[in-house]
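Structural features, examined
What follows is each chain in one-letter form.
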Amino acid sequence: MTTEEKHKIAHFLVLAGDFLGSGYRSEQKEYNFIDSDEGSNIINESKQIEGIHKVEGDSIDTITEEIRLCKACPLHTNRKNTVPGEGVKSPLVMVIGEGPGEKEDLQGRPFVGNAGQLLDKMLASIGLSRETNAFIANTVKCRPPFNRDPAAEETSACRSFLERQILLLKPSFILIAGKVAAQSLLNTTEPIGKLRGKIGELKVSDKSFPVLCTYHPSALLHNEELKRPVWEDLKLLKSKI
């Protein structure tokens with residue numbers, strides 16, 4: 001093993017420890033980084049997203065402006081800012097969450113509250129960042145009142161924006177965070193506990209993208225026991241990218 005490879009491994013272990021132990025765990029624990037075949041089974045059925053509205057000369061900036069002006073569902077009536085998404089335009093991984101919260105609505109940026117800070121730690125633990133190699137978005141681009149789950153008609157109204165973003169960004173992998181996003185994108189009623197830990201395939205138009213579902217960062221803030229399964233998901237994602 002070269003010195004550079006040793007440095008990379010050491011850096012990865014430091015970041016992983018930051019995610020598992022920093023500020024979000026009342027009791028420090030050590031985990032062995034043991035590879036496992038658990039969760040490596042494949043979701044056989046491919047899910048098809050429909051309703052893409054292709055626009056000639058489409059771009060992320062064009063979509064962002066369309067989102068800013070959108071009034072396709074009632075969520076626009078109470079928003080302060082739309083939250084189209086944030087990150088690099090050729091991401092290794094695209095993260096798709098559920099919907100903006102209060103801080104996201106105020107800033108017009110995704111995942112900037114406590115859950116967002118934890119998401120950044122999760123991504124950093126496997127070498128990902130919205131500044132360098134990731135893009136973060138949500139199934140809806142406006143905040144649902146009182147941070148409730150987005151309704152089906154609201155995710156449907158935003159669907160074409162998200163589909164176009166996926167096609168333009170061409171991520172190597174999609175990480176779906178949370179039950180609402182997973183069920184909406186994969187058109188299923190399966191609980192997130194059964195959806196996570198498996199590599200699936202999402203078809204958007206004539207393109208296929210590998211996907212992995214995991215718990216939403218906000219769930220980890222309320223239940224620290226979920227951090228271990230999420231870490232297993234992140235290790236699986238890292239092994240695939």
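Details of the structure are given in the entry above.
Values in this document were obtained by computation on a predicted structure and should not be read as measured data. (Residues numbered from 1 in each chain as written. Predicted model: local features only at pLDDT ≥ 70, side-chain atom pairs only at ≥ 80, totals over all residues. Heavy atoms only, no water.)

This part takes up the overall build of the chain. Counting secondary structure elements, the chain contains nine helices and seven strands. Carbon and sulfur atoms make up 48% of the accessible area of the chain, which amounts to about 12300 Å² in all. (Helix = DSSP H or I, 4+ residues; strand = E, 2+ residues; numbered from the N terminus. Areas by Shrake-Rupley, 256 points an atom, 1.4 Å probe, with all protein chains shown as cover.)

A word on helix α4 (residues 114–124). Every buried residue of α4 is listed here: Ala115, Gly116, Leu118, Leu119, Met122 and Leu123. Projected down its long axis, α4 shows its buried positions confined to an angular sector of 160 degrees, all on one face. (Buried < 20%, exposed > 50% of the residue type's maximum accessible area, 1.4 Å probe, protein only. Arc of directions from axis to C-beta.)

Right, let's talk about unusual backbone geometry for a bit. Positioned with a positive phi, Lys170 is a non-glycine residue whose angle comes to about 50 degrees. Tracing the backbone shows Lys170 in the loop between α5 (152–169) and β5 (173–177).

Attention now moves to the pattern of salt bridges. In total, this model carries 11 salt bridges according to the counting rule given. Arg68 serves as the salt-bridge partner of Glu65, at 2.5 Å between the closest nitrogen and oxygen. Here Arg68 and Glu65 lie together in helix α2 (residues 60–69), a separation of three residues that amounts to about one turn. Glu65 sits in the partly exposed class, given a relative accessible area of 35%. (Salt bridge = Lys/Arg side-chain N within 4 Å of Asp/Glu carboxyl O.)

Turning our eyes to something else, we now look at the environment of Leu186. Structurally, Leu186 can be placed in helix α6 (residues 179–186). Given a relative accessible area of 5%, Leu186 falls into the buried group. A C-alpha to C-alpha distance of 9.5 Å links Leu186 and Lys203, two positions 17 residues apart in sequence.

Here Thr64 shows up in helix α2. Residue Thr64 is classed as partly exposed on the basis of its relative accessible area, which comes to 30%. Placed 20 residues apart in sequence, Thr64 and Pro84 show a C-alpha to C-alpha distance of 5.7 Å.

So, on to the side chain of Asn133. The topology assignment puts Asn133 in the loop between α4 and β4 (134–138). The exposure class of Asn133 is buried, given its relative accessible area of 17%. There is a polar contact of 3.4 Å between the side chain of Asn133 and the side chain of Thr132. Filtering out sequence-adjacent residues up to four positions away, Asn133 remains in contact with Val88, Pro91, Leu92, Val93, Gly127 and Leu128. (Polar contact = N/O pair within 3.5 Å; in protein donor to acceptor, adjacent residues only side chain to side chain. Contact = heavy atoms within 4.5 Å.)

According to the stated counting rule, one finds zero disulfides in the structure shown. Free cysteine: Cys158, not disulfide-bonded; nearest cysteine sulfur from Cys73 at 5.9 Å. (Disulfide = S-S within 2.5 Å.)

Attention now moves to the nonpolar core. Within the largest apolar cluster, 44 residues are counted, with the highest numbers of intra-cluster contacts made by Met94, Ile166, Ile174, Ile176 and Leu237. Element by element, the count of residues in this core is highest for helix α9 (residues 227–240), at five residues. Non-local contacts of Met94, meaning those with residues more than four positions away in its chain, are made with Phe135, Ala137, Leu162, Gln165, Ile166, Leu169, Pro171, Phe173, Ile174 and Leu175. Listed in part, the nine residues of the second largest apolar core include Ile67, Cys70, Leu75 and Cys158. (Core = buried A, V, L, I, M, F, W, Y, C linked by side-chain atoms within 4.5 Å.)

A separate point is the pairing of strand β6 (residues 199–204). Summarising the sheet, β6 and strand β7 (residues 207–214) pair through six bridges and their orientation is antiparallel. Residue pairing across strands places Val204 opposite Lys207, the latter belonging to β7. In this structure, the hairpin formed by β6 and β7 is closed by a connection of two residues, where Ser205 is found at a positive phi of approximately 60 degrees. (Pairing = 2+ DSSP bridges.)

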